[in-house]
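Chains, contacts and geometry: an overview
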Amino acid sequence: MALIVHKYGGTSMGSTERIANVAKRVAKWARAGHQMVVVPSAMSGETNRLLGLAKELAPEKLTDACLREMDMLASTGEQVSVGLLSLALQAEGVPAVSYAGWQVPIKTSNAYTKARIESIDEERVRRDLAAGKVVIITGFQGVDADGNITTLGRGGSDTSAVAVAAALKASECLIYTDVDGVYTTDPRVAPKARRMQTVSFEEMLEMASLGSKVLQIRSVEFAGKYKVPVRVLSSFTPWDIDINEEARSGTLITFEEDEKMEKALVSGIAFSRDEAKISVLGVPDKPGIAYQILGAVAAANIEVDVIIQNLSKDGKTDFSFTVHRNDLARAVDLLKSKVLPQLGEAQLVSDTHICKVSIVGIGMRSHVGVAAKMFQTLSEEGINIQMISTSEIKTSVVIDEKYMELAVRALHRAFGLDQTASSPA
C-alpha cells in the first residue's frame, strides 16, 4: 500500500455535512491500507470573511506590520478545517491528528501574504503515520525563521499539499476540487470544452501561470521540481465510489510526453481577467531603462507579466507591462513616487479593461505557424491585439476585456479542441 496525500478545496469543506463526507472518503482510503495525509482548505468563503473583517479595521496603507496580522488572521480558517476533519475521522473510528503549519513545521520565507515554502520537517508526520494515524495539516500557511505565521497566497493549499507530498515522497497527490479534472478551457466560457485524461507538467505549468484556476502555479512548480504525480479530480463523486475507479479518474499531470500528446498542436486555452496594463510614456531610450522601471516594481514583490517596449522616436520610447489588478494601485503609487521623478517628462497611464488569452501546447515546439493561426483567428473576429508574449509552448495576447469570451471560443474552435478525444477515464 502507498503513502497518499489528499487535498480538499474550500467548497469540499463548505459545511459539516461535506466535511463528514470528506472524512468518509479519507477513511475509505485509510481502510484500504494506505498511509494518509490530508491538506484541507478553509471552509468556502471563510478566508474572504476574515479578510473582509480585517479591511474594516486595518489602516488604508498596509505596512509589513499590517500584513503580518493579516496572515495571523487568515491562517485561522484552515485551523478550523483541520480540527473539524480530525473530529469527523475519529467519529468514523479512524485515528487522526491535526497540525497547523507551524507545528509540522512548514518553514517559509517572511514575505507576508505571499510566502514561499523553504523546507518541511516531516519527522513528526512520519511518526504519526507509522502509528496508524491519518495526519491532517493546514494548507496555505507556514512559519518564518522568526516564528511568525505566514500564508502562501490564494490557492496556497495546493502548494502546501504538493510540497508535503514531495517531502514525504508520496506515491501520488490527489487534488479534490469542484471540477472533475483539467479542461481544454473553462466550460463556462466554451461549453464544448472537454476534460483531458492527461496533461504534461509543462502544459499545466503554463496554463496555471496564464490564468487557469484549477491549480496554483507554485503547486505545479513543486510537482515538476520533485516529480510528484498529481491528479485533479472531483470531490463531488459519491464518497463510496470504488477506490480503483476513483484512483483512475480526473486528470493526471504527467512528466513524460507520449506520442498522443505530441500530436496535439494546442492542448488548451487559458485566460485571465485579473490583468491591468501600465504604460510609462516618453521615457529616455537608453540602456538600463527597463531595469530602472521594473527593478523598483520587483523590489516591492509585485509580479510583472507581459512586457513591451516601442520603437524609439526622438530618443524617447514607451514602455508597457502588465500586473495583477490587485497590485495596480501599489505599482502606480510606487512608480509615481520613486521612478517618474527620475525620468524627466515621462507620463504614466493605466488600463484595467484588458484581459490575457493564451494558447498552450507542447505540440507547438515542432509546428510552425501556430501563432499566425492564432492572430488570424482573432483578426477574423475583429479583435485587436495590444501586446504579445511567447514561449516555446505558449503564445499569449493582451486584448480588450470585452472580447475575452469571444476570443476563447473562437480559438477553441480554430484549433480543433471542440473535437478533442478526451472522454472520461
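Residues numbered from 1 in each chain as written. Predicted model: local features only at pLDDT ≥ 70, side-chain atom pairs only at ≥ 80, totals over all residues. Heavy atoms only, no water.

Here the focus is the overall build of the protein chain. In terms of regular secondary structure, the protein chain is built from 14 helices and 20 strands. On C-alpha atoms alone, the protein chain measures out to a radius of gyration of 23 Å, which is about the 22 Å that the 2.2 N^0.38 rule sets for 425 residues. Counting only C-alpha atoms and orienting by the principal axes, one finds that the protein chain spans roughly 75 × 50 × 35 Å. Burial analysis of the protein chain (425 residues in total) assigns 51% to the buried set. When the accessible surface of the protein chain is summed, it comes to about 19,500 Å², and 51% of that surface belongs to carbon and sulfur atoms. (Helix = DSSP H or I, 4+ residues; strand = E, 2+ residues; numbered from the N terminus. Rg over C-alpha atoms; globule rule 2.2 N^0.38 Å. Buried < 20%, exposed > 50% of the residue type's maximum accessible area, 1.4 Å probe, protein only. Areas by Shrake-Rupley, 256 points an atom, 1.4 Å probe, with all protein chains shown as cover.)

Below, the discussion takes up the packing of helix α11 (residues 289–299) against helix α12 (residues 325–339). Here α11 crosses α12 at 125 degrees, and the two axes come no closer than 10 Å. Classified by the angle between their axes, α11 and α12 sit oblique to one another. Read as a crossing pair, α11 and α12 show a hand that is right-handed. For the pair α11 and α12, contact is made by Q292, I293, A296 and V297 and by L334, L335 and V339, respectively. Per-class residue counts for the contact of α11 with α12 are six nonpolar, one polar and no charged. (Axes fitted to C-alpha atoms, helices over the stretch in contact; angles between N-to-C directions. Parallel < 35°, antiparallel > 145°, perpendicular 65-115°, else oblique. Left-handed = near helix turned anticlockwise from the far one by under 90°. Contact = heavy atoms within 4.5 Å. Nonpolar A, V, L, I, M, F, W, Y, C, P; charged D, E, K, R; others polar.)

Moving on: the pairing of strand β6 (residues 134–137). Because side chains alternate across β6, one face comprises the buried residues V134 and I136, and the other comprises V135 and I137, equally buried. Here strand β2 (residues 35–40) runs beside β6; their pairing, made up of two bridges, is parallel. Bridge pairing in β6 places V37 opposite V135. Alignment of strand β3 (residues 96–99) against β6, held across four bridges, turns out to be parallel. By the bridge assignment, S98 is partnered in β6 with I136. (Pairing = 2+ DSSP bridges.)

Here we take up the packing of aromatic side chains. Counted under the stated rule, the structure contains three aromatic pairs. Measuring from ring centre to ring centre gives 5.8 Å for F222 and Y226, while their planes differ by 25 degrees; the resulting arrangement is stacked. Placement of the pair is F222 and Y226 together in helix α8 (residues 217–226), with a separation of four residues, close to one helical turn. By relative accessible area, which is 43% here, Y226 ends up partly exposed. (Phe/Tyr/Trp six-rings, centres within 6.5 Å; stacked < 30°, edge-to-face > 60°.)

Below, the discussion takes up the nonpolar core. Residues V5, V37, C173, L215 and V230 are the most contacted members of the largest nonpolar core, which totals 46 residues. Tallying contributions element by element places helix α6 (residues 156–168) first for this core, with eight residues. (Core = buried A, V, L, I, M, F, W, Y, C linked by side-chain atoms within 4.5 Å.)

Once that is clear, we can look at the sheet that holds strand β1 (residues 3–8). Adjacent strands of a sheet pair through backbone hydrogen bonds, lying either parallel or antiparallel. With mixed pairing, eight strands are arranged side by side in an open sheet as β3-β6-β2-β1-β9-β11-β12-β10. At either margin of the open sheet sits one strand with a lone partner, and together these are β3 and β10 (198–200). Strand after strand, the sheet turns through a mean of 20 degrees between neighbouring axes, direction not considered. Strand contacts of helix α1 (residues 16–31): β1, β2, β6 and β9 (172–177), with the helix running at about 170 degrees to β1, the strand carrying the most contacts. α6 rests against β1, β2, β6, β9 and β11 (230–234) of the sheet, and its axis sits at about 175 degrees to β1.

Attention now goes to α12. Given 3.6 residues per turn, any residue in an α-helix points the same way as the ones three and four places further on. In a regular helix each residue adds 1.5 Å, so 15 residues correspond to 21 Å; α12 covers 20 Å between its end C-alpha atoms and thus fits that length. What α12 keeps buried is the set D327, L328, A331, V332, L334, L335 and V339. Lining the buried residues of α12 we find β14 (275–284), α11, β16 (316–324) and β17 (347–351). (Expected span 1.5 Å × (residues − 1).)

Right, let's talk about the pairing of strand β13 (residues 268–272) for a bit. When you tally the buried positions in β13, you get five out of five residues, the bulk of the element. Neither face of β13 is left uncovered, since the one carrying G268, A270 and S272 and the one carrying I269 and F271 both have all their residues buried. As defined by bridge partners, β13 adjoins strand β18 (residues 354–360) across five bridges and the pair is classed as antiparallel. Following the sheet pairing, S272 is matched in β18 by K356.

Glancing now at unusual backbone geometry. For the peptide bond that leads from V104 to P105, omega is -5 degrees, which places it in the cis range. The residue T113 is not glycine, and still its phi comes out positive at about 70 degrees. With respect to the secondary-structure elements, T113 resides in the loop between β4 (106–108) and β5 (117–120). Residue classification places T113 among the partly exposed positions, given a relative accessible area of 27%.

With that out of the way, let us pick up the confidence of the model for the protein chain. On average, residues of the protein chain score 92 in pLDDT, and 96% of them reach the 70 mark or higher. Predicted confidence for residues 420–425 stays below pLDDT 50, and this span has 12 contacts to residues more than four positions away or in other chains. (pLDDT = per-residue confidence, 0-100.)

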